[in-house]
Amino acid sequence: MPFQAPADGVLLPPYRILDLTGPDGVFCGKLLADYGADVIKIEPPGGDSTRQRAPFIGDQPGQERSAYFLFYNTNKRSVTLSLESPQGQDLFKKMAASADVVIESFPVGYMKSIGLDFDTLQAINPGLVMASVTPFGQTGPWKDYYSSDLISLAASGFMQITGDPDGPPLRQGNEQSHFPGAQYAASSIMGALFYRDIQGGSGQYIDISMQEAMITFYTDAHPALAWILRGENVTRVGPNSTLVIPLGVFPSKDGWISAGVITPREWENLSQWMFEVTGNEEILNDDYKGGNQDRAPHRDIITAYVIDFTTRFTSEELFHEGQERNLVFIPVNSVSDLLSDPQLEASNFWYELDHPEAGALKYPLGVFDSEEVSPSMLPAPHLGQDNEAIFSGELGLSEPELASLRSQGAI
Amino acid sequence: MVDAKKPLSGIRILELGPYVALPLTGRILASMGAEVIKVETNKVLDEMNFIPAWSRGGGQPEFQRGKKRITIDVRTPGGLEVFKELVKVSDVFMTNFRRNILDRWGIDFPDLRKLRQDIILMWQTGLGGIGPYYTYKSYGILVQHMGGVSLMSGEEGEPPATINSSYSDYHTGVFQPVAIMGALMRRALTGQPATMESSIFKSGAVTAGPAILDYQSNGRMPPRIGNRDRFSAPHGVYQCQGDDRWCAIAVQTPEHWEAFCRAIGSPDWCSEAVFSTLESRLANQDRLDELVGEWTATQTAEDAMTKLQEAGVPASLVSQGQDIHESEHLKAREFYQPSPFFLAERDRPAYEWETKEGISATNPPRLSESPLDFGHYSNVGGDNDYVFKEILGMSQSEIDRLTENQSLY
């Protein structure tokens, strides 16, 4: 085999991945690094801009203390290198010559403008895989449009189906538009490496549009199909479904609980339970019996009865007792709920990483649980911590050469 | 000529399970050239064959294109035997049934290893395969609320923002190919197979992000700020002409602000001191949003977007289905393709269903040398002959016998 096997207990071979991405693609390198790839974050000499992003650990600003940077750069290494300077570009080409993958999320055309486009890099390294994650992709009339998390959520139509029908389309929190494109990038990079190393294929370029990735993350709402086949635009329905009754989010004694009744049997179970608790015989009415969408005409009255019921219990009570009655109540968790959830605890989800400045904190690294492989456990890198190992150790630059690059602001 | 070889040529994947996440994983792997065999039964059809209800199956190609679809009732002795023969010739088995159900059917992971020692097993669960919730039933559209992000969306005090889609399923669906390809590579290099378990719950919770660290360190819950942003103003969606038409605008930098003011005709209020810096705009957002809304109310969403983009301001209409279908941009990228689908009927077996024309999205990544296959769309059981005869070498009479007693049905 032409490439190196993963270490014991590690999923991925130590593929060398040069990570130039900003927030649009940063999760791709993290996912691959967490599972064993050797991801090197290339930062400008002043540091990646997200190092300055609040909140900070202990609310004390500092370039090694941003929660954002710490979260999205676990298991990566860091070198500083100015892509804007000719010396920095040369150095990058030297790194690319022996790399497996380059990932970037600059505006379309930027890499070409600095002489580091795929054609140039491939001439140096024919096996190179390069992936670009951009708001609208590398081609098409919108390719140069300006974007942001909000704009991606809007352009994909994801906002159209989020929120209340009487209110505006709503942004989903936590910059969710930054995940789908980055996840597709990770899976297609794996495909491209498989093609190269198992099938004996060449390197290649991968173009990922965040807009398209986001559209495929709500496929089951069928926005285009609904327009073609019935001339209808799908829209947001608020916290409760208009078709499946009850399905949605309801207040509980201590917060919110989500619930859904899909089968006739589930309705039997729920209505019986509601009757036991509230004494309201009306809920057992034959008109309300049936499956999936049979209760739609009675939405308002049933919703009122359900709320009268759910507000008598805590979310945890509904969650667990619901399961005993073959009913699906799912808690609406906050981040503190996640950190104390017994299921996540039991399934190797949290990994404690000790960072010299940020201290020991629990990180959610366990996307998969496996007896054979587990995530790597290095915290996010200090700015430029691997300069020496890469520039001197691997590229063989001498101390005077490094000093000269430093004085020119290239590293 | 494009190389006929695909990333996953020669890899065979056995898929058993309904809904969104697992089938999406199968479709992605099929688009990379794996032979994905999807096991279904006419006796208990995946509800996804009927979605959306108004089209009776128009949504199914999105999840099943490119697969070989066969019918086996694994609950019958004959069906289970054939299923086990398929395990012997597959590289990966993936399922999303709960452990208690697999046990009842006699499908047990250690036992599968006896049939094929190096098979890779991907077990997708709702809430978790081990741990206290392992028998718990769940629905993907509700599990979106479990991962923490619902309470980071919308406004303070309002109900959690709900997405009208089974959103968190997709995280799992796109994570799993990474794990499966990684495991296949690892097996090729070390000879070692792997068993991996995923859950919709965990896939969502992984994306809870920096708030996890902020809470541990500073005890702070992420604020719910609706469409606003900590670092940008104006920032939100603004109503335009027409019914439920909106334009999203994100003014992030001083340059964006200048360009924004120019693009809307430099009204007097743009030069007011209260809007001159990001800090002052953030402090006066209610009035700012009102003024921006007065401008967008005079525009169509398309015009507002175009004017702002041409001036250099991040902006987009909030796309509706019609916009997505008619988008010149998506057409130029050939994002949607025509796809047939089968009009599902509950009281007739799938092979009697009629065909209708619809569409399906392509898989987003555009690979230059080994482009992803859009793939053929088979009906339920449409590949029985190929799989049972050519892969398993079964005789016609054996297939007929097992079809008649509904083992392969």
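Each value, and the rule that gives it
- The numbers attached to residues start from 1 for each chain and follow its sequence in the written order.
- Going through the entries in the order they are written, you letter the chains from A and number the ligands from 1.
- Per-residue local features of the predicted model are confined to residues with pLDDT of at least 70, and side-chain atom pairs are confined, for both listing and counting, to 80 or more; whole-chain, interface and lining totals are unaffected and use all residues.
- Boundary definitions for the domains trace back to an automatic or database domain assignment.
- By definition, residues are in contact whenever their C-beta atoms, placed on the basis of the backbone, come within 7 Å of each other.
- Per the convention used, a helix needs a DSSP run of H or I reaching at least four residues, while a strand needs a run of E reaching at least two, with both numbered from the N terminus.
- Under this grouping Gly is polar, as are all residues other than the nonpolar Ala, Val, Leu, Ile, Met, Phe, Trp, Tyr, Cys and Pro and the charged Asp, Glu, Lys and Arg.
- DSSP calls a pair of strands paired once it identifies at least 2 bridges connecting them.
- The angle between two axes is taken between their N-to-C directions and runs from 0 to 180 degrees, where each axis is a line fitted to C-alpha atoms and a helix contributes only its stretch in contact.
- Here a nonpolar core is just a set of buried residues of the types Ala, Val, Leu, Ile, Met, Phe, Trp, Tyr and Cys, joined wherever their C-beta atoms sit within 7 Å.
- Buried, partly exposed and exposed are defined by the number of other C-beta atoms within 10 Å of a residue's own C-beta, namely 20 or more, between the two limits, and 12 or fewer respectively, with C-beta atoms placed from the backbone.
- Roughly parallel means an angle under 35 degrees; roughly antiparallel, over 145; roughly perpendicular, 65 to 115; everything else is oblique.
- A clockwise turn of the near helix away from the far one marks a right-handed crossing, whereas an anticlockwise turn of less than a right angle marks a left-handed crossing.
- Here the expected length of a helix is defined as 1.5 Å per residue gap, with one fewer gap than residues.

Peer 1: It is not clear to me how the domain arrangement of chain B should be interpreted in this structure. Could you clarify?
Peer 2: When the parts of a complex come together, some accessible area is lost, and that lost area is often taken as the interface size. By domain assignment, chain B separates into domain 1 (12–207 + 334–404) and domain 2 (235–323). Computed from C-alpha atoms alone, the centre-to-centre distance between domain 1 of chain B and domain 2 of chain B is 43 Å.

Peer 1: Can you walk me through the interface of chain A and chain B in this structure?
Peer 2: Facing 126 residues of chain A, the contacting portion of chain B comprises 129 residues. In terms of residue count, helix 7 (residues 180–197) of chain A provides more of the side of chain A that touches chain B than any other element does, 10 residues in total. Classifying every residue of the side of chain A that touches chain B gives 73 nonpolar, 42 polar and 11 charged. Note that strand 12 (residues 368–370) of chain A and strand 6 (residues 195–199) of chain B share 3 bridges and pair antiparallel. If you follow A:Ser370 over to strand 6 of chain B, its bridge partner there is B:Met196.

Peer 1: Got a minute to help me understand the sheet that holds strand 4 (residues 92–95) of chain B in this structure?
Peer 2: Strands in a sheet are paired, the pairing made by backbone hydrogen bonds, and the direction either parallel or antiparallel. Overall, mixed pairing links the 7 strands, which are arranged 12(A)-6(B)-5(B)-4(B)-1(B)-2(B)-3(B) in an open sheet. The strands lining the two open edges of the sheet, one partner per strand, are strand 12 of chain A together with strand 3 (68–71) of chain B. Mean inter-strand twist for the sheet, computed between neighbouring axes without regard to direction, equals 20 degrees. Of the pairings in the sheet, the one linking strand 4 of chain B to strand 5 (residues 120–125) of chain B comprises 4 bridges and is parallel in character. Counted as the bridge partner of B:Val92 is B:Ile120 from strand 5 of chain B. Against the sheet, helix 7 (residues 167–190) of chain B engages strand 12 of chain A together with strand 4, strand 5 and strand 6 of chain B, with an angle of about 160 degrees to strand 5 of chain B.

Peer 1: Please explain the nonpolar core as it appears in this structure.
Peer 2: Most often, soluble globular proteins have nonpolar side chains that are buried together. Ranked by size, the top nonpolar core spans 232 residues in total, and within it A:Ala185, B:Cys247 and B:Ala248 carry the most contacts. Per-element tally for this core: the top contributor is helix 7 of chain B, with 11 residues. Apart from residues lying up to four places away in sequence, A:Ala185 is in contact with A:Gly25, A:Cys28, A:Ile103, A:Ala131, A:Val133, A:Ile206 and A:Ile208. Ranked by size, the runner-up nonpolar core spans 5 residues in total, among them B:Phe342, B:Ala344, B:Ala350 and B:Val380.

Peer 1: Looking at this structure, how should I read the packing of helix 1 (residues 26–34) of chain A against helix 7 of chain A?
Peer 2: For any two helices packed against each other, the geometry comes down to the angle between their axes and how far apart the axes lie. Residue and element names in this part refer to chain A. Where helix 1 meets helix 7, the axes come as close as 7 Å, and the angle between the chain directions of the two elements is 45 degrees. Considering the angle they form, helix 1 stands oblique to helix 7. Helix-helix and strand crossings are classified by hand; for helix 1 and helix 7 the assignment is right-handed. Residue-level inspection shows Val 26, Phe 27, Cys 28, Leu 31 and Leu 32 of helix 1 in contact with helix 7, the latter providing Ala 182, Ala 185 and Ala 186. For the contact of helix 1 with helix 7, a count of residues per class yields 8 nonpolar, no polar and no charged.

Peer 1: Please clarify how the domain arrangement of chain A should be interpreted in this entry.
Peer 2: Split into domains, chain A comes out as domain 1 (16–218 + 349–407) and domain 2 (247–333). When each unit is reduced to the centre of its C-alpha atoms, the spacing between domain 1 of chain A and domain 2 of chain A is 44 Å.

Peer 1: Explain the sheet that holds strand 9 (residues 315–317) of chain B to me, please; I cannot follow it from the model alone.
Peer 2: Residue and element names in this part refer to chain B. Taken in spatial order, the 3 strands line up as 7-8-9 in an open sheet, and their pairing is antiparallel. Only two strands of the sheet have a single partner each, and these edge strands are strand 7 (235–239) and strand 9. Going across the sheet, the axis of each strand differs from the next one's by a mean of 20 degrees, ignoring polarity. The sheet contacts of helix 12 (residues 285–296) involve strand 7 and strand 8 (246–250), and relative to strand 7 the element is tilted by about 40 degrees. Against the sheet, helix 13 (residues 301–311) contacts strand 8 and strand 9, and its axis sits at roughly 165 degrees relative to strand 9.

Peer 1: Whenever I open this one, helix 7 of chain A confuses me. Can you help?
Peer 2: The end-to-end C-alpha separation of helix 7 of chain A is 26 Å, in line with the 26 Å expected for 18 residues at 1.5 Å each. Counting buried positions along helix 7 of chain A gives 17 out of 18 residues, so the element sits mostly inside the fold.

Peer 1: I would appreciate a short explanation of the environment of B:Ile120 in the present structure.
Peer 2: Residue and element names in this part refer to chain B. When you line up the elements, Ile 120 lands in strand 5. Of the residues examined, Ile 120 has 26 C-beta atoms within 10 Å and is grouped as buried. Taking the C-alpha atoms as reference, Ile 120 lies 4.6 Å from Val 92; in sequence the two are 28 residues apart. In contact with Ile 120, other than residues within four places in its own chain, are Asp 91, Val 92, Ile 180, Ala 183, Leu 184, Arg 187, Pro 193 and Ala 194.

Peer 1: Help me out: how do you make sense of helix 7 of chain B in this one?
Peer 2: Three- or four-residue spacings in an α-helix give side chains the same orientation, since the helix completes a turn every 3.6 residues. Compared with the 34 Å implied by 1.5 Å per residue over 24 residues, the 36 Å span of helix 7 of chain B between its first and last C-alpha is a close match. Looking at the residues trailing helix 7 of chain B, positive phi occurs at B:Gly191, about 80 degrees.

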